[in-house]
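# Examining the three-dimensional arrangement
Residues per chain are reported as follows:
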Amino acid sequence: MIGILDWKKKGARNCLWQRAFGATLNRYYFDHNATTPVSPEVLEALVPALKSTFGNASSVHQDGQQARQELEAARLQVCRLLNCSAKELVLLSGGTEADNLALFGSVRPGSHVVTTAIEHPAVLNACAELESRGVAVTYVRPSSEGLIEPSAVSEALLPTTALISVMHANNETGVLQPIEEIGQIALDSGVLFHSDGVQAVGKVPVNLATLPVDLYSVSAHKFYAPKGTGALYVRSGVQVTAVQYGGRHERSRRAGTENVPGAIAMGVAAGWMAEHLSSESFRIATLRDRLEAGIRSAVPNVVVNGGHAPRVPNTTNISFEGIDGEAMVIALDLRGFAVSTGAACSSGAVEPSHVLTAMGLSRSQARSSIRFSLGRINTAGQVDALIGAVAEAAAHLRKLSPTYA
Ligand code: PLP
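Residues numbered from 1 in each chain as written. Predicted model: local features only at pLDDT ≥ 70, side-chain atom pairs only at ≥ 80, totals over all residues. Heavy atoms only, no water.

This next bit is on the site of the ligand. Around the ligand sit 13 residues in total, of which Thr96, Asp196, Gln199, Ser219 and Lys222 are the nearest. The side chain of Lys222 places a nitrogen or oxygen atom 2.6 Å from an oxygen atom of the ligand. Alone, the ligand offers 390 Å² of accessible surface; in the complex the protein occludes 86% of this. With three residues, helix α5 (residues 95–104) is the largest single contributor of residues to the shell around the ligand. Its residues assigned to classes, the shell around the ligand shows two nonpolar, eight polar and three charged. (Near = heavy atom within 4 Å. Polar contact = N/O pair within 3.5 Å; in protein donor to acceptor, adjacent residues only side chain to side chain. Areas by Shrake-Rupley, 256 points an atom, 1.4 Å probe, with all protein chains shown as cover. Helix = DSSP H or I, 4+ residues; strand = E, 2+ residues; numbered from the N terminus. Nonpolar A, V, L, I, M, F, W, Y, C, P; charged D, E, K, R; others polar.)

Written out as structure tokens, the structure reads:
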């Protein structure tokens, strides 16, 4: 087992991540908004948890009680990161489940929901289902910088509005939404406010004691815990109805035997974040700015989407005129770099990002966009290598492009 201290002793960020996770040498990962690798300290806690904390947290015997204790300790670690109380945190399988519980658990047929055109499919497709069940939904559009204006949310309210759902940080552009103002509008109007915080937790401080949100979604695989763990914050006094039927777990808000090792992993990841968030987000913001400046100076005719809006520190979304984003992803992958587009594959055709088109980009501009999302694993050397690879790939693809003169 590699100890976390070895990392500090050797001072080699890459070395530890690569040895701990079997990551292939000379492959560099710049897709942390899709998912993050499990961190060394989470791995160190997870393996013993899988071995020895196997009890069912609802069992009365000692094995069950040990599991219960560890589950509650892990919950508290997540609560410390978010500044909420243990009763307010429902442990779940991830962001999609949190969004579904927030929406289906709080909205009834005949009512109205205000959301935005730039939400993750976990919210948008849940809203489409709500519409088919007799709920009216208004989709507020963003500005050209990807920002949701609080006044537009206010104007969309109806006497029947039950819920406003606006994400905290956008997964494609990293743009931070003004959820303090939007939450205040909800509060003043007596409407519940849900925010999908999946891309904000672990990137910016989140203080649920002061944020005016009633429901807040969290996914732990975005902050270095394994996939399949997450939570929904439910403000004290707010009722959500469980969306699946079974045992009375999680104060009857989520039926199903708790994933204790997963919760322990999420707790350790949250504990690390609580301690290192400010230094790490500063380091990552510096790398992101270096990447943006490097690409701008090495590649002509690029646009940073949402670049003038407040953003999480790790994300940049760049349109490369005349280049197909999917071709760029493949070209970079062949050079050893993992990045992504916001495009979705539906019915066999690649659809441009709904986020970028809602911001007013044409379909071809949206198709030419790449999301780079940085994380703990990245270094300045990797960023410089990525800038070189992007410049090379862009020049090559533009030579082949029928639309780039
Ligand atoms: N919400 C946002 C903003 C996301 O970016 C994601 C995942 O990418 C989700 C929800 C879904 O989270 P999960 O993968 O944990 O289901």
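The structure having been displayed, the exposition proceeds.
Mapped onto the secondary structure, Arg288 falls in helix α10 (residues 260–298). One polar contact links the side chain of Arg288 to the main-chain carbonyl oxygen of Val312, over a distance of 3.0 Å.

So, on to the domain arrangement of the chain. Each domain of the chain was delimited in the assignment, giving domain 1 (16–38 + 276–400) and domain 2 (41–271). Look at where the C-alpha atoms of domain 1 and domain 2 centre, and you get two points 27 Å apart. Across the boundary between the two partners, domain 1 contributes 35 residues, which contact 34 residues of domain 2. Taken together, the two surfaces of domain 1 and domain 2 that pack against each other cover about 2,800 Å², and 58% of this comes from carbon and sulfur. Area buried by domain 1 at its contact with domain 2 is led by Val38, Leu277 and Met359, which between them contribute 21% of it. Counting the contacts that link domain 1 with domain 2 gives one salt bridge. In this structure, Glu41 and Arg376 form a salt bridge, with 2.7 Å as the shortest nitrogen-oxygen distance. On inspection of domain 1 and its partner domain 2, the count reaches 19 residue pairs in polar contact (both at pLDDT 80 or more). Those elements that place two or more of their residues in the side of domain 1 that touches domain 2 are α2 (13–21), α10, β10 (315–320) and α12 (354–358). (Domains from an automatic or database assignment. Contact = heavy atoms within 4.5 Å. Buried area = accessible area lost by both parts, 1.4 Å probe. Salt bridge = Lys/Arg side-chain N within 4 Å of Asp/Glu carboxyl O.)

On to α5. Taken across its ten residues, α5 has eight buried, putting it largely inside the fold. Looking only at α5, the buried set comprises Gly95, Glu97, Ala98, Asp99, Leu101, Ala102, Leu103 and Phe104. Those residues of α5 hidden inside the fold are in contact with β2 (89–92), α6 (121–132), β5 (161–165), β6 (192–196), β7 (215–219) and β8 (230–234). (Buried < 20%, exposed > 50% of the residue type's maximum accessible area, 1.4 Å probe, protein only.)

Packing of helix α11 (residues 325–334) against helix α14 (residues 380–400) brings their axes to within 10 Å, and their N-to-C directions diverge by 130°. In terms of their interaxial angle, α11 and α14 are classed as oblique. The way α11 lies across α14 gives a crossing that is right-handed. The residues of α14 that touch α11, namely those facing Ala327, Met328, Ala331 and Leu332, are Leu386, Ala389, Val390, Ala393, Ala394 and Leu397. Of the residues contributing to the contact of α11 with α14, the split by class is ten nonpolar, no polar and no charged. (Axes fitted to C-alpha atoms, helices over the stretch in contact; angles between N-to-C directions. Parallel < 35°, antiparallel > 145°, perpendicular 65-115°, else oblique. Left-handed = near helix turned anticlockwise from the far one by under 90°.)

The subject of this paragraph is the pairing of β5. Most of β5 is tucked away, with four of its five residues classed as buried. Relative to β5, strand β3 (residues 112–116) runs parallel, the two being bridged by three bridges. The residue of β5 that forms the bridge with His112 is Thr161. In this sheet, β6 lies alongside β5 in parallel orientation, the contact comprising three bridges. When the bridges of β6 are listed, Ile164 appears paired with Phe193. Crossover β5 to β6 through helix α8 (residues 179–189) is right-handed. (Pairing = 2+ DSSP bridges. Right-handed = clockwise from strand over helix to strand, strands pointing away.)

Time to look at the packing of aromatic side chains. Evaluation of the coordinates by the stated rule reveals two aromatic pairs. With a centroid separation of 5.6 Å and an interplanar angle of 50°, the aromatic rings of Tyr28 and Phe337 are classed as tilted. Of this pair, Tyr28 sits in strand β1 (residues 28–29) while Phe337 sits in strand β11 (residues 337–338); the two residues are 309 residues apart in sequence, bridging distant segments of the chain. A relative accessible area of 22% means that Tyr28 is categorised as partly exposed. Taking the relative accessible area as the measure of exposure, Phe337 reaches 4% and is therefore buried. Geometrically, the ring pair formed by Phe30 and Phe337 is tilted, given 6.4 Å between the ring centres and 40° between the ring planes. (Phe/Tyr/Trp six-rings, centres within 6.5 Å; stacked < 30°, edge-to-face > 60°.)

Bringing the pairing of strand β4 (residues 136–140) into the picture now. Bridge count for β3 against β4 is five bridges, and the pairing is parallel. Of the residues in β4, the one forming a bridge with Thr115 is Tyr139. For the handedness criterion, the β-α-β arrangement of β3, α6 and β4 is classed as right-handed.

Below, the discussion takes up the sheet that holds β6. Read across the open sheet, the seven strands follow the order β2-β8-β7-β6-β5-β3-β4; overall the sheet is mixed. Every other strand in the sheet has two partners, leaving β2 and β4 as the edge strands with one partner each. Within this sheet the neighbouring strands show an average axis-to-axis angle of 20°, counted without direction. In the packing of α5 onto the sheet, contacts are made with β2, β5, β6, β7 and β8, and the angle to β7 comes to roughly 165°.

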